[in-house]
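Chain residues, written in single-letter form:
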Amino acid sequence: MSDDTVILRPFRADDIDWLVERHGTLYAEAEGFDATFAPLVNDILVNFQNNHDPARERGWIAVRGEHRLGSIFCVALSPTMAKLRLFLIVPEARGQRLGQRLLDACLNFARDTGYRGLSLWTHESHRAACALYEKNGFVLTASKPVESFGQKLIEQSWEITF
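The structure presented is a predicted model; accordingly, all values stated were derived computationally and were not measured.

Caption draft 1: Structural view of the sheet that holds strand 3 (residues 67–76). One open sheet accounts for seven strands, arranged 1-2-3-4-5-7-6; its pairing is mixed. Both outer strands of the open sheet, strand 1 (6–10) and strand 6 (139–148), are each paired with one neighbouring strand and no more. If you compare each strand with its neighbour and ignore which way they point, the axes differ by 20 degrees on average. Pairing geometry for strand 6 and strand 7 (residues 151–161), over nine bridges, is antiparallel. Bridge pairing in strand 7 links A142 to S157. With respect to the sheet, helix 3 (residues 98–113) is in contact with strand 1, strand 2 (58–64), strand 3, strand 4 (81–89), strand 5 (117–123) and strand 7, its orientation differing from that of strand 3 by roughly 25 degrees.

Caption draft 2: Inspection of the packing of helix 1 (residues 16–31) against helix 2 (residues 37–51) at higher detail. It is the contact of helix 1 with helix 2, at a shortest axis distance of 9 Å, that shows an interaxial angle of 155 degrees. Comparing their axes, helix 2 and helix 1 come out roughly antiparallel. Handedness of the helix 1/helix 2 crossing: right-handed. Touching I16, L19, V20, H23, G24 and Y27 of helix 1 are F37, A38, V41, N42, L45 and Q49, all from helix 2. Looking at the contact of helix 1 with helix 2 residue by residue, the class counts come to eight nonpolar, four polar and no charged.

Caption draft 3: Summary view of the packing of helix 3 against helix 4 (residues 127–135). Interhelical geometry of helix 3 versus helix 4 gives an angle of 50 degrees and a closest axis separation of 11 Å. Here helix 4 runs oblique to helix 3, going by the angle between their axes. Viewed along their axes, helix 3 and helix 4 form a crossing whose handedness is right-handed. When helix 3 is examined against helix 4, the residues G99, Q100 and L103 are found in contact with a partner set consisting of L132, Y133 and K135. For the contact of helix 3 with helix 4, the residue count by class is three nonpolar, two polar and one charged.

Caption draft 4: How the structure looks around the packing of aromatic side chains. Inspection of the entire model under this criterion finds twelve aromatic pairs. Residues F87 and Y133 carry aromatic rings whose centres are separated by 6.1 Å and whose planes lie at 45 degrees to one another, so their mutual orientation is tilted. In this pair, F87 sits in strand 4 while Y133 sits in helix 4, placing the two residues 46 residues apart along the sequence. Judged on exposure class, the residue F87 and its partner Y133 are both buried.

Criteria and thresholds
Residues numbered from 1 in each chain as written. Predicted model: local features only at pLDDT ≥ 70, side-chain atom pairs only at ≥ 80, totals over all residues. Heavy atoms only, no water. Pairing = 2+ DSSP bridges. Helix = DSSP H or I, 4+ residues; strand = E, 2+ residues; numbered from the N terminus. Axes fitted to C-alpha atoms, helices over the stretch in contact; angles between N-to-C directions. Contact = heavy atoms within 4.5 Å. Parallel < 35°, antiparallel > 145°, perpendicular 65-115°, else oblique. Left-handed = near helix turned anticlockwise from the far one by under 90°. Nonpolar A, V, L, I, M, F, W, Y, C, P; charged D, E, K, R; others polar. Phe/Tyr/Trp six-rings, centres within 6.5 Å; stacked < 30°, edge-to-face > 60°. Buried < 20%, exposed > 50% of the residue type's maximum accessible area, 1.4 Å probe, protein only.

What follows is the structure in structure tokens.
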């Protein structure tokens, strides 16, 4: 593998600090999220690290050499439904089809694991991600105005069935 090759590797405990920092910083810069967002990401990751079922739940980190570029997680929502979480691509890695690669890994894992569908929660302002979800067969199932992380947002729920 050359240093410019992007690979998707399994999430490790030493990714937690990076993921918390990147989510907190990037969402603050792009959307003005306040300091309540990073602790939520931390809680999600610590819970995943301590309690996930490796047979039914997985996280991937996109890396180029030693540099982390993004993440995606598939977690159990019910025996038949999974949830996509913590989908992130750092700005310098956007526009290189990495989002599609990460989403494919998550979708394929969910299908192969026997889930009948995958849901996710996001905000309307994440236009590129929402376009990617729609292109891959997700359907917008709910949309509502909320105040979260110090911002007025339009919260969205998306779902795909297999």
